[in-house]
Amino acid sequence: SELVKLKKPVFIGGAAQVLLTILVFGGAGSWLGLTPGQAVFAGFLTALSSTAIVLKLLQERAEVESPHGRIILAILIFQDLIIVPMMLSVPFLSGQSQTESSALLLMTAKGFGVVVLVFFLARKIVPRVLAAVMRTRSKELFLLTTLGICMSVAFLTASLGLSLSLGAFLAGLIMSESEYSLSALEGILPFRDVFTSLFFVSVGILLNMSYFFAHADTVLVVTAAVLVAKTVLAAAAARILGYPLRPAVLVGLCICQVGEFSFILAKTGLAQGLLDQGHYQLFLSASILTMLLTPFCIMFAPALADRLGRLPFLAAAAAPYREPTMEGAPHRDLADHLIICGFGIGGKHLARAAKAAGVDYTILEMNPDTVRAQAAKGEPIAYGDATHPAVLEHAGIHTARVLAIVVSDPVAIRRITDTARKTNPAIHIVARTRFLNELGPLMELGANDVIPEEFETSIEIFTRVMAKYLVARDDIDRLVLQARAESYEMLRNLDIQGEPMDALKKGFTGLDVSAMTVEEGSMLDGKTLEESELRRTHGLTVVAVGRGDQVFANPDGTLRFAAGDVAFVFGPHADITAKAGLFAARRRSWEGAA
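Residues numbered from 1 in each chain as written. Predicted model: local features only at pLDDT ≥ 70, side-chain atom pairs only at ≥ 80, totals over all residues. Heavy atoms only, no water.

Novice: Quick question: what am I supposed to make of the overall build of the protein here?
Specialist: Within the protein, the secondary structure is distributed over 26 helices and ten strands. Burial status across the protein gives 45% buried among its 594 residues. Pairs at least 24 residues apart make up 70% of the contacts formed inside the protein by residues separated by at least 6 positions. For the protein, the exposed area adds up to about 30300 Å²; of that, 63% sits on carbon and sulfur atoms. (Helix = DSSP H or I, 4+ residues; strand = E, 2+ residues; numbered from the N terminus. Buried < 20%, exposed > 50% of the residue type's maximum accessible area, 1.4 Å probe, protein only. Contact = heavy atoms within 4.5 Å. Areas by Shrake-Rupley, 256 points an atom, 1.4 Å probe, with all protein chains shown as cover.)

Novice: Would you mind going over the packing of helix 2 (residues 7–31) against helix 5 (residues 67–93) with me for this structure?
Specialist: For any two helices packed against each other, one specifies the crossing angle of their axes together with the interaxial distance. Orientation of helix 2 relative to helix 5, taken along the N-to-C sense of each, is 60 degrees, at an axis distance of 8 Å. Relative to helix 5, helix 2 is oriented oblique. The way helix 2 lies across helix 5 gives a crossing that is right-handed. Residues P9, V10, F11, G13, G14, A15, Q17, V18 and I22 of helix 2 pack against A74, I75, I77, F78, Q79, I82 and M86 of helix 5. Broken down by class, the residue content of the contact of helix 2 with helix 5 amounts to twelve nonpolar, four polar and no charged. (Axes fitted to C-alpha atoms, helices over the stretch in contact; angles between N-to-C directions. Parallel < 35°, antiparallel > 145°, perpendicular 65-115°, else oblique. Left-handed = near helix turned anticlockwise from the far one by under 90°. Nonpolar A, V, L, I, M, F, W, Y, C, P; charged D, E, K, R; others polar.)

Novice: It is not clear to me how empty space enclosed by the protein should be interpreted in this structure. Could you clarify?
Specialist: Over the atoms a probe the size of a water molecule is rolled, and this reveals where empty space is left. Across all of its chains, the model carries two cavities of 30 Å³ or more by this definition. A volume near 50 Å³ is recorded for the largest cavity. Residue lining of the largest cavity: A62, V407, S408, P410, I413, R432, T433, R434 and F435, and that is the complete set. A per-class count over the lining of the largest cavity returns five nonpolar, two polar and two charged. Its boundaries defined by the atoms lining it, the second largest cavity holds a volume of some 40 Å³. If you go around the second largest cavity, the residues you meet are R61, E63, H68, L250, C254, I298, A301, P302, D409 and V411. Of all the secondary-structure elements, those providing two or more residues to the lining of the second largest cavity are helix 12 (245–254) and helix 14 (277–309). Here the lining of the second largest cavity takes three residues from helix 14, the largest share from any one element. In the lining of the second largest cavity, the residues fall into six nonpolar, one polar and three charged. (1 Å grid on protein atoms, 1.4 Å probe; cavity = no way out; pocket = protein on both sides within 12 Å on 5 of 7 lines; lining within 4 Å. Points joined across faces, edges and corners; volume = space filled by probe spheres on them.)

Novice: Before we go on, may I ask you to explain the packing of aromatic side chains in this structure?
Specialist: Aromatic ring pairs are described here by two measures, namely the spacing of the ring centres and the angle between the planes. A full pass over the atoms with the stated rule returns four aromatic pairs. With a centroid separation of 6.3 Å and an interplanar angle of 70 degrees, the aromatic rings of F199 and F263 are classed as edge-to-face. One end of the pair, F199, is in helix 9 (residues 181–206); the other, F263, is in helix 13 (residues 260–272), and 64 residues separate them in sequence. Through a chain of ring-to-ring contacts, the aromatic side chains of F199, F263 and F283 assemble into a single cluster. (Phe/Tyr/Trp six-rings, centres within 6.5 Å; stacked < 30°, edge-to-face > 60°.)

Novice: Just to check I follow, could you spell out the sheet that holds strand 1 (residues 338–341) for this structure?
Specialist: One key point about sheets: their strands pair by backbone hydrogen bonds, in either a parallel or an antiparallel sense. The parallel open sheet is built from six strands, whose spatial order is 3-2-1-4-5-6. Both edges of this open sheet fall to strand 3 (381–383) and strand 6 (449–452), since each of them pairs with a single strand only. Averaged over neighbouring strand pairs, the angle between their axes works out to 15 degrees when direction is ignored. Direction of pairing for strand 5 (residues 428–433) relative to strand 6: parallel, over a ladder of four bridges. Looking at the pairing, T433 lines up with P452 of strand 6. Most of the contacts of helix 16 (residues 368–376) go to strand 3, to which it runs at about 155 degrees, and overall it touches strand 2 (361–365) and strand 3. (Pairing = 2+ DSSP bridges.)

Novice: Which parts of the structure should I look at to understand the confidence of the model for the protein?
Specialist: Reading fine detail from the predicted coordinates is not recommended where pLDDT is low. In this model, the protein carries an average pLDDT of 81, and 86% of its residues clear a pLDDT of 70 or more. Between the elements of the protein, mean pLDDT differs from a low of 47, seen in helix 26 (residues 586–593), to a high of 93, seen in helix 11 (residues 216–240). Note on residues 320–332: pLDDT under 50 across the span, and 38 contacts to partners over four residues away in sequence or across chains. Low pLDDT, under 50, characterises residues 494–501; the stretch is placed with eight contacts to residues that sit more than four places away or in other chains. (pLDDT = per-residue confidence, 0-100.)

Dropping the structure here:
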């Protein structure tokens, strides 16, 4: 499903990263005296990155949906796909299958058969099996079925001469394509966390510390070479996709480590003779170090990307924008216009609103595919990194009235805000952020309005809940305006007292409006509103009655109830609950009383 959304970044960016890494490290291995098979295998080991570490860190930093986050996700998806042919090719790289001419055809047939079987199981068999199990409503049986499917596929691949690990990976793909994948995930999450911990602990146990200390200089050199080379090669892959230098460097620094699946490949290579014990320990030592350094690489990636962008010899690669040649691109003679940085969901909604209001606007976006597609539709959009003053000047920041920053990268938001304020001190800057802790720094950098997503969501929930308790609409609106005017201090400080919150106490918190259906044979069926004595005797007021497609608002006493009518009743919540039997059929009402 992710391939449909990320086809170009996956197959072009991902393939570029993997192939470049294999070529560079394979060439280095040949230069160091490795056999061709060993050199290519060294490229395999270093081409993969750690999905578990990288995605977890990006999710914590809310950068998965940022431009560099989307590229990283695409490359990781391609790495997951390329694992299958890598595992299949290990016997041939070791030379053990070269003695028989039919071995290659046999292994290829097995691999193709496994792929066809996985596709067939994922589409036809597994969904039906899981649907039958779900009908039993037994969580234990569903969990056992999930584990059984995974172990069966793993056993099948091992029986065909492939690996258990490859089978487990393919079983995961099968389960992920099922409509019950979320239920399966819920059941195996505890297993995943435990087994992930055991996996990394076992990798640490495999490490020979005496080898590590005896060859510390070699380990450090190899670690540095892997980090630097993978950073450069992954950044080159992002540049091939058309992204500016800054997000490209962020991509490289995020996936510069060696992946967890490389350990499984290395174990297979050790068994096949592609690695000796010394090379295996060198690989383990360097790989573990790259994983340990990954959080620091991601933490310092924005600052390092900025520094690299200022180097003279990288000026061409750091070109902040591409002169748009398509129709509808921004013009420098715009005045009093709106600049929109980012064209995701928020940017699209803002552009649509500006167009409806007759406001001139221009858009800056770093995804070249988005720029190409939207420009073809006539949108005034240009490719560029808005953290550079030249890009903002190209968009006419000196004559613009408002700059709206709706990108998903927190670091980029701060840089754009700072750059825009220094370039045009008079412009009004509105910035969207996901986290509260970004509000203060952005205001200090010069943002006029900062909209935290989490508090805007809280305000919307608060508004709807208070409306349900029949708090006066003007009181709700006044509290919302005050919360925004005070930079959400009202919501940040839970101990706030005084008049603003006292207004909520004026609402009818004990009252409610509920919809009750008049059932056939109930006490109200056939009676008029006056005859029912709902207000006089039962303390309930009927504010409206729905009958088919008609709605009778504020009905008078002559309205006669009929079975199927929906009465909207106003009154104390406890009374509405207690009097629900008036609307139910007499038999049901009597049974409930009994």
